[in-house]
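What follows is each chain in one-letter form.
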Amino acid sequence: MATDLVEVDAEQPQPEAIERAAATVRRGRVVAIPSDALYTLVADPFNLRAVSQVFRAKGREIHRSLPLLVADAMMAEDLASELNNRFYILARRFWPGPLTIIVPASARVPLKVTGNTGRLALRQSRGKIANALIAALNQPLISTSANMSGSPTCRSGIDVFGMMDGRVDLVLDAGACSGEGATTVDITEPYWKLIREGAVAEKEIAEALQAT
């Protein structure tokens, strides 16, 4: 499989580039795009062939879940079996932005996407390209770091192409990303838990949730 590289403007993505990426996702393929938190691989979470392609592209263990990007909290409601007060507090405070929130998955989400855990990591991105692609497809997207498992996340389209040529179908190259990567927090248990700290500090989450 040859990987195509297409240049795109991060702030004003060209419609033809977005449509090309959307068509690739519709075919069950994997696309690398820039986001507000480094480069990410996106694909259709409801297409099990596409889900398998993501695992293969990264060399990722199948028991590890795949995060999803959503357009807003309303789209998140369709993907979760329930959303508690902590979710809405965090989403209002940090979305769109670099905070991934782990919630219980609804039956609509393939178990394979959750790494067979029944839990789902959701985020609303500030990235114009990611949001344009979600809007074009009118659905959430798998969004996992653009790298081989165990390697650093790629900060440019050329880096992604160099590492993942032949593993993904298309790279949208908008130059270098300077984001730190997203913070991940799990709110499925009685006590919330920081899974990974990134651009949002643990202290900020604690302050937002202190009344709950």
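In the block above lies the structure referred to throughout.
For the structure given in this document, a descriptive report is provided here. Being a predicted model, the structure only gives us computed values, none of them experimental. (Residues numbered from 1 in each chain as written. Predicted model: local features only at pLDDT ≥ 70, side-chain atom pairs only at ≥ 80, totals over all residues. Heavy atoms only, no water.)

### Topic: the overall build of the protein chain
Which entries qualify depends on this criterion: Helical segments are the DSSP runs of H or I of at least four residues, strand segments are the runs of E of at least two, and each set is numbered from the N terminus. Each radius of gyration reported is based on C-alpha atoms, and the globular scaling rule is 2.2 Å times the count of residues to the power 0.38. Working definition: with a 1.4 Å probe on protein chains only, accessible area under 20% of the residue-type maximum means buried, over 50% means exposed, and in between means partly exposed. Contacts are assigned to residue pairs that have any heavy atoms within 4.5 Å of one another. Per-residue accessibility takes into account occlusion by the displayed protein chains alone, with areas from the Shrake-Rupley method and a 1.4 Å probe.
Helix and strand counts for the protein chain come out as 7 helices and 10 strands. Relative to its length of 212 residues, the protein chain is compact, with a C-alpha radius of gyration of 16 Å against a globular reference of 17 Å. Along the three orthogonal principal directions, the C-alpha set of the protein chain runs to about 50 × 30 × 30 Å. Out of the 212 residues belonging to the protein chain, those deemed buried represent 52%. In the protein chain, of all internal contacts separated by at least 6 residues, the share reaching a separation of at least 24 is 67%. Accessible surface, the protein chain as shown: approximately 9,700 Å² in total, 48% of it carbon and sulfur.

### Considering the packing of helix α1 (residues 15-26) against helix α5 (residues 128-137)
This is how it is decided: All axes here are fitted lines through C-alpha atoms, helices being fitted over the stretch that makes contact, and every angle between N-to-C directions spans 0 to 180 degrees. Between 65 and 115 degrees an angle is taken as roughly perpendicular, under 35 as roughly parallel, over 145 as roughly antiparallel, and anywhere else as oblique. The hand of a helix crossing depends on one turn: near helix anticlockwise from the far one by less than a right angle means left-handed, and clockwise means right-handed. Throughout, the ten residues Ala, Val, Leu, Ile, Met, Phe, Trp, Tyr, Cys and Pro are labelled nonpolar, Asp, Glu, Lys and Arg are labelled charged, and all others, Gly among them, are labelled polar.
At a minimum axis distance of 9 Å, the contact between α1 and α5 shows a crossing angle of 60°. Compared by their axis directions, α1 and α5 come out oblique. The handedness of the crossing between α1 and α5 is right-handed. Facing I18, A21, A22, V25 and R26 of α1, the residues of α5 in contact are I129, A132, L133, A136 and L137. Of the residues in the contact of α1 with α5, the class split is 9 nonpolar, no polar and 1 charged.

### Some thoughts on helix α4 (residues 85-94)
Three or four residues apart is the spacing at which side chains of an α-helix point the same way, because the helix has 3.6 residues per turn. Filter applied, for reference: Identification of polar contacts relies on pairs of N or O atoms within 3.5 Å, with a donor-acceptor requirement for protein atoms, meaning one able to donate a hydrogen and the other able to accept it, and with residues adjacent in sequence counted only if both atoms are side-chain atoms.
What α4 keeps buried is the set R86, F87, I89, L90, A91 and F94. Turning to α4, the residues buried within the fold contact α3 (73-79), β5 (99-104), β9 (183-186) and α7 (202-209). Between the side-chain oxygen at the start of α4 and the backbone nitrogen of R86 there is a gap of 3.1 Å, and the oxygen is on N84.

### Focus on the sheet that holds strand β3 (residues 39-43)
Convention followed: Two strands qualify as a pair provided that DSSP identifies no fewer than 2 bridges between them.
Strand order across the open sheet formed by 10 strands is β1-β8-β2-β3-β7-β4-β6-β5-β9-β10, with mixed pairing between neighbours. Two strands bound the open sheet, and with one partner strand each, they are β1 (4-7) and β10 (193-196). Relative to β9, β5 runs parallel, the two being bridged by 4 bridges. Along β9, the bridge assignment pairs L99 with T183. α4 rests against β5 and β9 of the sheet, and its axis sits at about 160° to β5.

### So, the pairing of strand β2 (residues 31-34)
Because side chains alternate across β2, one face comprises the buried residues V31 and I33, and the other comprises A32 and P34, equally buried. Where β2 meets β3, 4 bridges bridge the pair, whose relative direction is antiparallel. Each bridged residue has a counterpart across the sheet, and for P34 the counterpart in β3 is Y39. Note that β2 and strand β8 (residues 170-173) share 2 bridges and pair parallel. Paired with V31 across the strands is L170, a residue of β8.

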